[in-house]
Amino acid sequence: MPPTEVGTLNRQVIVANPQHLARHTIEEAAEAAERQADRARQWYHAAHVVARQQLDSQFETQMEVDAHYIEGVGAAWGAAACRLPPPPRFMDVQEFIAEASTVGATVLLALDDSSTATGDLQQHLEAAGVGYTGPSADFAITHSSRLALSKAIDDIINEAGAEDAVAGAAAELHRSQAEGAAESDAATAAEPAAPADEGSAPAIGLINMPRKVIKTAELLGYLKTPEELEDVFETLKADWESISICIKPPARSGGMGVVRLFNAKDLGILANTMQKRLPRIPAGTLSSQLQAITLPLHIPDIMVLEPWIDTDPVTVVQQQGGQVEVQWAGQSRWVEVYVGLLGELGQMYALSPTLIAFGENGHRHHFTPAPEGILPPWAAEAAQGFSEALAVSLGLRSVAAVEGFVNVDTGELIVLDVQHRPSLDDGSPILQQVWLCVGI
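Now for a description of the structure that goes with this document. Just so we're clear, the structure is a prediction, and the values are computed from it rather than from any experiment.

Here we look at the overall build of the protein
- The secondary structure content of the protein amounts to 16 helices and 19 strands.
- Within the protein, buried positions represent 40% of all 440 residues.
- The long-range share in the protein, meaning contacts at least 24 apart out of those at least 6 apart in sequence, stands at 66%.
- A total accessible area of about 23,600 Å² is found for the protein, and carbon and sulfur atoms account for 53% of it.

Listed below in C-alpha cells is the structure:
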C-alpha cells in the first residue's frame with residue numbers, strides 16, 4: 001500500500017538514540033535501527049518498564065559524565081562509556097502520541113514537504129494535548145502548497161488595501177537600466193544614507209509573486225506536437241515583462257524541481273525529462289544552467305509558473321589577503337533577502353535580513369547583516385516589519401522565514417516564499433542572524 005494511503009495514526013515511528021540515527025539518509029537510519037533491534041537481547045524488551053527506565057537513565061548519565069572527560073566512569077557501572085545504548089523501539093503514531101502525552105513531552109516536528117506536512121499529525125497532537133514545534137495545524141492545512149500560500153498572501157494584501165499590487169509587480173521589477181540609474185542618482189543626491197523626513201519617505205508595500213498553473217498532462221501532451229511549444233511558451237510568459245520564467249511543483253519541495261526556462265526548447269527538455277521520469281536534469285542541458293537540477297520522485301498533476309525575477313547580480317570576489325568584496329551594479333533596484341522569524345503565535349520577531357549573493361562560480365553566499373551600501377538600514381527595517389506582519393497574519397510560530405526581494409529605494413517587499421520549516425544547518429541564514437542578534 002502506498003504511504004499516502006496509510007492513515008497518520010497507523011504510520012510507523014522508530015524510537016531510537018542518536019547513535020542509531022547517525023546515517024546519511026533516513027532510509028539508512030531505519031535499516032540500521034531494524035538491524036540493531038534484531039540483534040538486541042530479548043530480556044531488554046521483556047524487562048519491567050521501571051528496569052528499562054533505569055538502564056536508559058544510567059546510560060545517559062554515564063555518557064554525560066564521560067563527555068566531560070572524567071576518567072574511570074565506565075567502571076562505576078561495570079562497563080565502558082561506549083556501551084551500546086538501549087535498542088530502538090517500533091510503534092505506531094497513536095502509541096507514540098500516547099507515550100508523549102504520558103511523559104509530558106514536546107515533540108520536535110521535522111516533517112518533509114509532502115504528505116506528512118498537511119496538518120493531520122498536528123491535529124492529533126493537539127487533540128491529545130501534546131505540545132509540538134513548528135506551525136499550527138491550521139497553518140499546515142491551509143498553506144501546504146505554494147498555491148494555497150499565494151492565495152493567503154493575496155488575501156492579506158487585499159485586506160490591507162494594497163491596490164494593483166500583483167499586477168504592478170512584474171513591471172516594477174524590470175524597469176529599464178536607464179530609469180533605474182536615474183532614480184539611483186536622484187536618491188543618492190537627495191538622501192545619501194536614509195530618508196531624512198519619515199513623512200516624505202517613499203510608499204512602502206507588500207507584493208505577492210504572480211503565478212499561473214499548467215496541467216502536467218497537458219504539458220507532456222505537447223511533446224507529440226513540438227511545433228506548438230513555441231506558442232505555449234509565449235502564452236505562459238504573457239503578461240510578464242521577464243526574459244525567462246520559473247516552473248516548479250505546487251508542493252513545497254525544498255527546492256526540488258525548480259527550473260528556469262528561457263525558451264520553448266527548455267520547456268520541451270523539461271517535459272521530456274518528466275515523461276521519462278529521470279531523477280535530474282544534468283548541468284548544461286538547459287540555457288544558462290550551471291548546476292544539475294533534481295526533480296521530484298512523483299510527477300505532480302499540475303506545475304506552477306512564476307516570472308523569473310532578474311536582478312543585478314551581487315557577486316562575491318576574493319581579494320588578496322583573504323578579504324571578500326561584495327560588488328553590485330545597482331541598475332535594478334531589487335535585491336534578494338532572507339528574513340528569519342522567531343517567537344510565539346501572534347508575537348513573531350523578525351531578525352536582521354540576510355543578503356543573498358552569488359559568487360563568480362554561481363555558488364550562493366549569505367551576508368548578515370546586509371551591506372548598508374546595498375540595502376539601506378531603513379529598507380531592511382521595512383522588510384522586517386512586513387515579515388512580522390505576514391507571520392502574524394499567517395499564524396506562524398516557533399521558527400520561520402520569509403524569502404523575497406526588497407526594493408532598496410522604496411522598501412517594497414516581494415514575497416517569494418514563506419518557509420515554516422527553514423534550514424537550521426551550520427551557516428544557514430537564520431543561525432547567522434541569531435549570532436548577530438546576540439553579538440557573536
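Moving on from the model shown.
Side note on the pattern of salt bridges
- Going through the model one piece at a time under the given rule, you end up with four salt bridges.
- Arginine 333 is the partner of aspartate 409 in a salt bridge, and the nearest nitrogen-oxygen pair spans 2.9 Å. Remark: arginine 333 occurs in the loop between strand S13 (324-328) and strand S14 (334-344) and aspartate 409 occurs in the loop between strand S18 (398-407) and strand S19 (413-419); sequence separation between them is 76 residues. Side by side, aspartate 409 and arginine 333 carry an identical accessibility label, which is buried.
- Each of Arg211, Lys248 and Glu306 takes part in salt bridges that share partners, so that together they form one network.

Concerning helix H9 (residues 146-159)
- The end-to-end C-alpha distance of H9 is 20 Å, a good match for the 20 Å that 14 residues give at a rise of 1.5 Å each.
- Three or more residues of H9 are buried, namely Arg146, Leu149, Ser150, Ala152, Ile153, Ile156 and Ile157. Viewed along the axis of H9, the buried residues span an arc of 160°, placing them on a single side of the element. Exposed positions of H9 whose direction lies more than 90 degrees from the buried face are Lys151, Asn158 and Glu159.

Some points on unusual backbone geometry
- The peptide bond linking threonine 368 to proline 369 adopts the cis configuration, its omega dihedral lying at -5°.
- Within the secondary structure, proline 369 sits in the loop between strand S17 (364-367) and helix H15 (377-394).
- At aspartate 239, a position not held by glycine, the phi torsion is positive, near 75°.
- Relative to the assigned elements, aspartate 239 resides in the loop between helix H13 (229-237) and strand S7 (245-248).
- Its relative accessible area of 72% is what places aspartate 239 among the exposed residues.

Here we look at the packing of H13 against helix H14 (residues 264-275)
- At a closest axis distance of 8 Å, the pairing of H13 and H14 adopts a crossing angle of 100°. Considering the angle they form, H13 stands roughly perpendicular to H14. Of the residues in H14, those in contact with Leu229, Glu230, Val232, Phe233 and Leu236 of H13 are Ala264, Leu267 and Gly268.

Structural notes on the environment of isoleucine 141
- Tracing the backbone through its elements, the reader meets isoleucine 141 in helix H8 (residues 137-142).
- By relative accessible area, isoleucine 141 is classed as partly exposed at 38%.
- The spacing of isoleucine 141 and aspartate 120 is 21 residues in sequence and 7.6 Å in space, taken between C-alpha atoms.
- Among all residues touching isoleucine 141, those that are not within four sequence positions of it are Thr118, Gly119 and Gln123.

Section: the sheet that holds S7
- The strand order across the open sheet formed by four strands is S6-S11-S7-S8, and the pairing between neighbours is antiparallel. At either margin of the open sheet sits one strand with a lone partner, and together these are strand S6 (212-215) and strand S8 (259-261). Taken over all neighbouring pairs, the strand axes of this sheet differ in orientation by 30° on average, direction set aside.
- Sitting on the sheet, H13 is in contact with S6, S7, S8 and strand S11 (302-307), with an inclination near 150° to S6.
- This element, H14, spans S7, S8 and S11 of the sheet and lies at about 145° to S8.

Some details on the environment of leucine 375
- Its location among the elements puts leucine 375 in the loop between S17 and H15.
- Judged by relative accessible area, leucine 375 falls into the buried class, the value being 2%.
- Residues leucine 375 and valine 335, 40 residues apart in the sequence, show an inter-C-alpha distance of 7.8 Å.
- Apart from residues lying up to four places away in sequence, leucine 375 is in contact with Val335, Val337, Ala370, Ala380, Val406 and Val408.

Conventions adopted
Residues numbered from 1 in each chain as written. Predicted model: local features only at pLDDT ≥ 70, side-chain atom pairs only at ≥ 80, totals over all residues. Heavy atoms only, no water. Helix = DSSP H or I, 4+ residues; strand = E, 2+ residues; numbered from the N terminus. Buried < 20%, exposed > 50% of the residue type's maximum accessible area, 1.4 Å probe, protein only. Contact = heavy atoms within 4.5 Å. Areas by Shrake-Rupley, 256 points an atom, 1.4 Å probe, with all protein chains shown as cover. Salt bridge = Lys/Arg side-chain N within 4 Å of Asp/Glu carboxyl O. Expected span 1.5 Å × (residues − 1). Arc of directions from axis to C-beta. Axes fitted to C-alpha atoms, helices over the stretch in contact; angles between N-to-C directions. Parallel < 35°, antiparallel > 145°, perpendicular 65-115°, else oblique. Pairing = 2+ DSSP bridges.

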